[in-house]
Amino acid sequence: MTKSKPVAVAAQWALYGAVAVVGPRMLPGARTSWEAPGDASLWQDVADGVGGFDGLAVYERPQASRTGVAAVLLRAGHPVGFLKVREDAGELDREERALRAFANGCSPAFRVPLVLGRGEAAGSHWMVIEAMPPRPARPVRKPDLAGVVEAVQEALGSVLPRGDAPEGWRPMHGDLTAWNLRVCGRGLPWLIDWEDAAWAPPHADLVYHRATTSAALGAPLGTLPPDVSEAAAFWTERVARRAGGDHDAALNQRLLDILRALRPTNA
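Conventions used here
- Just so you know, the residues in each chain are numbered from 1, in the order the chain's sequence is written.
- Where local features are concerned, this predicted model is filtered to residues with pLDDT of at least 70; where side-chain atom pairs are given and counted, the filter is 80 or more; whole-chain, interface and lining totals use all residues.
- Note: side-chain values were computed over all heavy atoms of the structure, leaving out hydrogens and water.
- Counting from the N terminus, the helices are the DSSP runs of H or I reaching at least four residues and the strands are the DSSP runs of E reaching at least two.
- Burial classes follow relative accessibility: with a 1.4 Å probe on protein chains only, a residue under 20% of its type's maximum area counts as buried, one over 50% as exposed, and anything between as partly exposed.
- Contacts were defined at the residue level, with two residues in contact if any of their heavy atoms lie within 4.5 Å.
- Every accessible area reported is derived by Shrake-Rupley at a probe size of 1.4 Å, with residue values counting cover from the shown protein chains alone.
- Note: the arc covers the axis-to-C-beta directions of the helix.
- By the criterion applied in these results, polar contacts are pairs of N or O atoms within 3.5 Å in which, for protein atoms, one can donate a hydrogen and the other can accept it, and in which residues neighboring in sequence qualify only through two side-chain atoms.

Q: Break down the overall build of the chain for me, with residues and values.
A: When helices and strands are counted, the chain shows seven helices and 10 strands. For the chain, the residues scored as buried account for 43% of the 267 residues in total. Look at the contacts in the chain between residues 6 or more apart in sequence, and 64% of them connect residues 24 or more apart. By element, 54% of the accessible surface of the chain is carried by carbon and sulfur atoms, the whole surface being about 13,900 Å².

Q: So what's going on with helix H3 (residues 90-100)? Which residues, and what values?
A: The complete set of buried residues in H3 reads Gly90, Glu91, Leu92, Glu95, Glu96, Ala98 and Leu99. Check the buried side of H3 and you find it contacts strand E3 (78-86), strand E4 (115-121), strand E5 (124-129) and helix H4 (145-156).

Q: Account for the environment of tyrosine 208, naming residues and giving values.
A: Residue placement: tyrosine 208 occurs in helix H5 (residues 204-217). Assessed through its relative accessible area of 4%, tyrosine 208 is described here as buried. Put simply, tyrosine 208 and leucine 259 are 51 residues apart on the chain and 8.6 Å apart in space, counted from C-alpha to C-alpha. Dropping the residues within four chain positions of it, tyrosine 208 is found in contact with Asp175, Leu176, Thr177, Trp235, Val239, Arg242 and Leu255.

Q: So, helix H2 (residues 40-50): which residues are in play, and what are the values?
A: Three or more residues of H2 are buried, namely Leu42, Trp43, Val46, Ala47 and Val50. Looking straight down H2, one finds its buried side chains confined to an arc of 130 degrees; they lie on one side. Opposite the packed face of H2, turned more than 90 degrees from it, sit the exposed residues Ala40 and Asp48. Of the residues flanking the end of H2, it is glycine 51, one or two places downstream, whose phi is positive at about 80 degrees.

Q: Before we move on, could you go through unusual backbone geometry and cite the residues and values that matter?
A: Residues apart from glycine generally show negative phi values, whereas peptide bonds are mostly found in trans. The phi torsion at alanine 122 lies on the positive side, around 55 degrees, for a residue other than glycine. Here alanine 122 shows up in the loop between E4 and E5. By relative accessible area, alanine 122 is classed as partly exposed at 45%. Within the chain, aspartate 193 stands out as a residue other than glycine whose phi angle is a positive 60 degrees.

Q: Quick one: what's the story with the environment of aspartate 193, residue by residue and with numbers?
A: Relative to the assigned elements, aspartate 193 resides in the loop between strand E9 (190-191) and strand E10 (198-200). In this structure aspartate 193 comes out as partly exposed when scored by relative accessible area, which is 29%. Ignoring anything within four residues of it in the chain, the contact list for aspartate 193 reads Lys84, Glu95, His173, Asp175 and Asn180. One polar contact links aspartate 193 to lysine 84, side chain to side chain, over a distance of 3.2 Å.

Encoded structure:
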């Protein structure tokens, strides 16, 4: 989870300034080696897709239940794209479909990264998307959740395969949290991480944002629509399936407690 509490955001700004002055050696933590996924053909394809890069900053997914890595691609110290590498194409298929649904990467309520390249090499699937500006980002303090949800549903309704989704379900972002809806510079906030875009019960995105914000930041749930029990049950099942070894297992337990409280006693 991207650090979202005010103290953590302030610490990111302090570290950002220190690195700008002194260089990467200011970053905390021990140096370690990293084994890149795929082979040379994958990295050549990626380089061709973005016009070349000479460095990267790697992010390894901390959830034991999720595979793959991501990296900011750098050229002369400046980001030229954000790379995701996955063993399975499904997550990237969903994300690419969702991102391309927004003309020029914008909606009335938020902006999304543009897709810069997509491919497969050495048995790995990859996608490069537009990188956010190279500065610390923070959660939107008072997000227009109704506007965000409306924009998501309007854009995704015609591009997401419905499959066997029950009648009445609506398109959702699938991971609408404070750490995925972020302010980074001027203009609209960024809404990132669309890998779980799908059809879900009404109010699914709203319930998940409110519940995760409460679990992670201690914020009150606020007023919810009268009947959110189906959305709460939907998320209760999903969160309960997450691996107990994930680094955020304690957060998931708090999230489960909140979601279960939103369900009727006989659900």
